[in-house]
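The residues making up each chain are set out below.
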Amino acid sequence: MFELDNWMEIFLIIRKNKLKTFLTGFAVFWGIFMLIILLAAGNGFKNGVMSLFGNRAKNRIDVYGGRTSMPYQGLPNNRRIRLEQKDIDWIDFQVPESDLVSARITNRSRVTYEMEFSDCRLDGVYPEYVVLNGIKMIGNGRFINKIDMQEKRKVAVINKRLNAVLFKE
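Residues numbered from 1 in each chain as written. Predicted model: local features only at pLDDT ≥ 70, side-chain atom pairs only at ≥ 80, totals over all residues. Heavy atoms only, no water.

**Here's the deal with the packing of aromatic side chains**
Part 1: Per the counting criterion, the structure on display carries seven aromatic pairs.
Part 2: Pairwise contacts between aromatic rings join F22, F26, F29, W30 and F33 into one cluster. (Phe/Tyr/Trp six-rings, centres within 6.5 Å; stacked < 30°, edge-to-face > 60°.)

Spelled out as structure tokens, the structure:
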């Protein structure tokens, strides 16, 4: 073990080289401080991403129509590819691993109620959309269901802002 002479020598060297000792101590402190900051930033970034996407379905795939890159049988290139109901039915039938399949069609339109109106984006979706996107219903009301689809009911789910614009109360 260390004897008293060894300790005395260490303190003597530290006292003689004050600047070197201070700079070495500061460098060790700064390295540990930076490590803690980087770990905290990485953990904060991970938590932020998880809070943004945590409610969405895991193992989810989004499919979009896109545009063509080449002409085909006299049709021009850069045509818009529109997915149809038969494409959704094909995915549901041909991919047994898919638990939920939902489509979304988006349109901009004016929504009116009595004398109030608002221009907004309308999304037509299937009932499974609420599970796939982790949508939480707040307030009174419910999300669209299969009976609404079968009976072709005229129902809509609106957000708080549109509710305040249309129904003032």
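From this point, the discussion proceeds with the structure in view.
**A word on the pairing of strand β1 (residues 104-113)**
Part 1: Two elements, β1 and strand β2 (residues 116-125), share ten bridges in a ladder whose sense is antiparallel. Opposite R104, over in β2, you have V125 as the bridge partner.
Part 2: Between β1 and the antiparallel strand that follows it, β2, lie two residues; E114 among them carries a positive phi value of about 50°. (Pairing = 2+ DSSP bridges. Helix = DSSP H or I, 4+ residues; strand = E, 2+ residues; numbered from the N terminus.)

**Thoughts on the confidence of the model for the chain**
Part 1: Scored by pLDDT, the chain has a mean of 86; 95% of the residues are at 70 or more.
Part 2: For the chain, helix α4 (residues 129-132) is the element with the lowest average pLDDT, namely 84, and helix α2 (residues 18-53) is the one with the highest, namely 92. (pLDDT = per-residue confidence, 0-100.)

**Re unusual backbone geometry**
Part 1: Even without glycine at this site, Q73 takes up a positive phi of about 45°.
Part 2: Structurally, Q73 can be placed in the loop between α2 and α3 (85-94).
Part 3: Exposure remark for Q73: the relative accessible area of 69% places this residue in the exposed category.
Part 4: In this model, E114 sits at a positive phi of 50°, which is unusual for a non-glycine residue. (Buried < 20%, exposed > 50% of the residue type's maximum accessible area, 1.4 Å probe, protein only.)

**Regarding a nonpolar patch on the surface**
Part 1: On the surface, a nonpolar cluster with roughly 890 Å² of combined accessible area is contributed by L19, F22, L23, F26, F29, W30, F33, M34 and I37.
Part 2: Within the fold, F29 resides in helix α2.
Part 3: Assessed through its relative accessible area of 47%, F29 is described here as partly exposed. (Patch = residues over 30% accessible without salt bridge, like charges linked within 9 Å, V, L, I, M, F, W, Y side chains within 5 Å. Areas by Shrake-Rupley, 256 points an atom, 1.4 Å probe, with all protein chains shown as cover. Salt bridge = Lys/Arg side-chain N within 4 Å of Asp/Glu carboxyl O.)

**Overview of the side chain of E128**
Part 1: Take E128: it is sitting in the loop between β2 and α4.
Part 2: Overall, the relative accessible area of 15% leaves E128 in the buried class.
Part 3: Excluding residues within four positions of it along the chain, E128 makes contact with L100, V101, S102 and K146. (Contact = heavy atoms within 4.5 Å.)

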